[in-house]
Amino acid sequence: MSTAIRWFWFASPQTFYPLAGAIARVSAVGAALLVAAGLYVGFFVAPTDAQQGEVYRVIFIHVPAAWMSMFLYVVMAFWAAIGLAFNTRLSAMMASAIAPTGALFTFVALWTGALWGRPTWGTYWVWDARLTSELILLFLYLGFMALQAAIDDARRADRAGAVLAIVGVVNVPIIYYSVQWWNTLHQGASVSLTRAPSMASTMLAGMLLMALAFWLYSIAATLARVRCIIRERA
Amino acid sequence: MIAAARTILARDLRIVLRRPGDAATALLFFVIVASLFPLGVGAEPNLLRAVAPGVIWVAALLASMLSLARLFAADHADGTLEQLLLGSAPLGVVSAAKVLAHWLVSGLPLVAIAPLIALQYDLAPELYGTLALSLLLGTPVLGFIGAIGAALTLGLRGAGVLLALLVLPLYVPVLILGAGSVEMVSAGLAPDGQLLLLAALLVVSAAFAPWAIAAALRISTE
């Protein structure tokens, strides 16, 4: 019972503002430490890949960024839905604060993917299922942000964005599977994306460290942004 | 409820029939876009045959997106929409009826004229049936998804471009399944899988989209 009261206590932007600042600071420090540890493991501890050589090391940025990009869209839709259902202003602010970070990670995943693709496949871009659905995910993020930016009334922006995010999150799996299916239908490029089945445990450790770092970065960036939004609307 | 839907349907159709030019513009756009591709990629028959399903579907996507702006704009401008929101008929049913009316005057003509475009692209005659069927199943889905976007962007500045940004990514599955079904037939395979999935998308969007449209309309007009 007391936890429920606690939740609603922090659902108010005024009481959440200082808490967000504290969590953001701690998360930012944690993210910096974990990035340092993750990059150290990635660059110096993890062994050189037998097939790809050193270039595979982009995986330590690429894969965690791709994970975060998809995960953050779901989190964004979750907060948007909560905001729409309970009419809590803070939830909608969280959704709009998450969107730029999600779009950033989607872009980073695409960019590092292109940089990785050039030496390994000989091309910056292939119409692979994962690349294509990541690109469409970027469009969905940009659409959400563009819709909110186009609406002057903050309340309407929150709620319109929420409907769009919910429609988007229902569509994301449909898009993903249809793109995958389209990809198997058009067996054009002879590119196999299957990675080495046995991944060295240090590689996995580096990737998990980076994923954790990106989590903490997302929390820090989102909460810092939500503080700006609270200030803006105060 | 049924009566309300029927009234909306009849009203929207009557409005379009009084000014048929509006609906014809989107259709003309479809024909023009499809006619531009050979000028861009060259008139080599084998190439045209290969790109035809995709081009026709992309043109249909763009044409149905362009006509979306008309869906609620006039009713919003003259206050009809507010009366519909205040009325006793469930808004989801009203939205579904409006989408249906819109599809009858913008989607159905696309289905009817697509074989003509297919003729331009020298598509094999046995593909016409699948092309028409895929458009018949797919264009209502485009209407339902697009109507959510149209309702969300109602009365915003730059609504047209914004609508494209919101709606086109969501159209991807319909495009893949629609164009894919025709390509399956041209490869000598059965298009059943794609067509059934299109039908599934139609059922799901017809069941859920009207409520999202209704929520979006309430948000945009309050």
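Placed above this text is the structure.
Residues numbered from 1 in each chain as written. Chains lettered and ligands numbered in written order. Predicted model: local features only at pLDDT ≥ 70, side-chain atom pairs only at ≥ 80, totals over all residues. Heavy atoms only, no water.

## Focus on unusual backbone geometry
Negative phi characterises most residues that are not glycine, and trans characterises most peptide bonds. If you check the backbone angles, A:Asn87 has positive phi at about 60° while not being a glycine. Structurally, the position occupied by A:Asn87 is in the loop between α3 (59-86) and α4 (89-121). Since its relative accessible area comes to 49%, A:Asn87 is described here as partly exposed. Here the phi dihedral of B:Asp122 falls at roughly 60°; this positive angle occurs in a residue that is not glycine. Mapped onto the elements, B:Asp122 comes out in the loop between α6 (91-120) and α7 (128-152). Note on B:Asp122: relative accessible area 42%, which makes it partly exposed. (Helix = DSSP H or I, 4+ residues; strand = E, 2+ residues; numbered from the N terminus. Buried < 20%, exposed > 50% of the residue type's maximum accessible area, 1.4 Å probe, protein only.)

## Section: the interface of chain A and chain B
Often the size quoted for an interface is simply the accessible area lost on bringing the parts together. The partner chain B presents 27 residues to the 29 residues of chain A that form the contact. Buried surface at the junction of chain A and chain B, summed over both partners, amounts to about 2400 Å²; 76% is from carbon and sulfur atoms. Here A:Asp152 and B:Arg157 are joined by a salt bridge, their closest N and O atoms 2.6 Å apart. Summed over the shared surface of chain A and chain B, the result is 4 residue pairs in polar contact (both at pLDDT 80 or more). By residue class, the composition of the side of chain A that touches chain B is 20 nonpolar, 5 polar and 4 charged. (Contact = heavy atoms within 4.5 Å. Buried area = accessible area lost by both parts, 1.4 Å probe. Salt bridge = Lys/Arg side-chain N within 4 Å of Asp/Glu carboxyl O. Polar contact = N/O pair within 3.5 Å; in protein donor to acceptor, adjacent residues only side chain to side chain. Nonpolar A, V, L, I, M, F, W, Y, C, P; charged D, E, K, R; others polar.)

## Re the nonpolar core
Counting residues in each nonpolar core, the largest one holds 122 residues, and the members touching the most others are A:Met76, A:Leu147, B:Phe30, B:Phe72, B:Leu131, B:Ile213 and B:Leu217. Among the elements that make up this core, the one with the highest residue count is α7(B) (13 residues). Those residues in contact with B:Ile213 that sit more than four places away from it in its chain are B:Phe72, B:Ser95, B:Val99, B:Phe144, B:Ala147, B:Ile148 and B:Ala151. Counting residues in each nonpolar core, the second largest holds 12 residues, with A:Phe16, A:Ala24, A:Ala97 and A:Val226 among its members. (Core = buried A, V, L, I, M, F, W, Y, C linked by side-chain atoms within 4.5 Å.)

## Looking at the packing of helix α3 (residues 45-66) of chain B against α7(B)
All names here are of chain B. Two elements in contact, α3 and α7, have axes separated by 11 Å at closest approach and are oriented at 30°. One finds that α3 runs roughly parallel with respect to α7. Note that α3 runs across α7; the crossing there is right-handed. Here α3 contributes Ile56, Trp57, Ala60, Leu61 and Ser64 to the contact with α7, which in turn contributes Leu131, Ser134, Leu135, Gly138, Thr139 and Leu142. (Axes fitted to C-alpha atoms, helices over the stretch in contact; angles between N-to-C directions. Parallel < 35°, antiparallel > 145°, perpendicular 65-115°, else oblique. Left-handed = near helix turned anticlockwise from the far one by under 90°.)

## What to know about α6(B)
All names here are of chain B. A rise of 1.5 Å per residue sets the reference length of α6, with its 30 residues, at 44 Å; its end C-alpha atoms lie 42 Å apart and thus fit the reference within 8%. Bending of α6 peaks at approximately 45° at the position of Trp103. Backbone geometry just downstream of α6 places Asp122 in the positive-phi region, at approximately 60°. (Expected span 1.5 Å × (residues − 1). Bend = angle between axes of the 7 residues up to and from the residue.)

## Some remarks on helix α10 (residues 192-221) of chain B
With 30 residues, α10(B) should cover 44 Å at 1.5 Å per step; its first-to-last C-alpha distance of 42 Å lies within 8% of that length. Maximal helix bending in α10(B) amounts to about 35°, located at B:Phe208; proline B:Pro210 follows within four positions.

## Quick notes on the pattern of salt bridges
Under the defined criterion, the tally for this structure stands at 7 salt bridges over all chains. A salt bridge links A:Asp158 to A:Arg233, with the shortest nitrogen-to-oxygen separation between them at 2.9 Å. Taken together, the residues span a long stretch of sequence, with A:Asp158 in helix α6 (residues 154-185) and A:Arg233 in helix α7 (residues 201-233) at a distance of 75 residues. Residue classification places A:Arg233 among the partly exposed positions, given a relative accessible area of 32%. B:Asp12 is the salt-bridge partner of B:Lys98, the closest N and O atoms lying 2.9 Å from each other. With B:Lys98 in helix α6 and B:Asp12 in helix α1 (residues 2-18), this residue pair connects regions lying 86 residues apart in the sequence. Since its relative accessible area comes to 2%, B:Lys98 is described here as buried. Given a relative accessible area of 11%, B:Asp12 falls into the buried group. Among the charged side chains, a network of salt bridges with common partners joins B:Arg11, B:Asp12, B:Asp75 and B:Lys98.

Read these as geometric descriptors, not functional statements.
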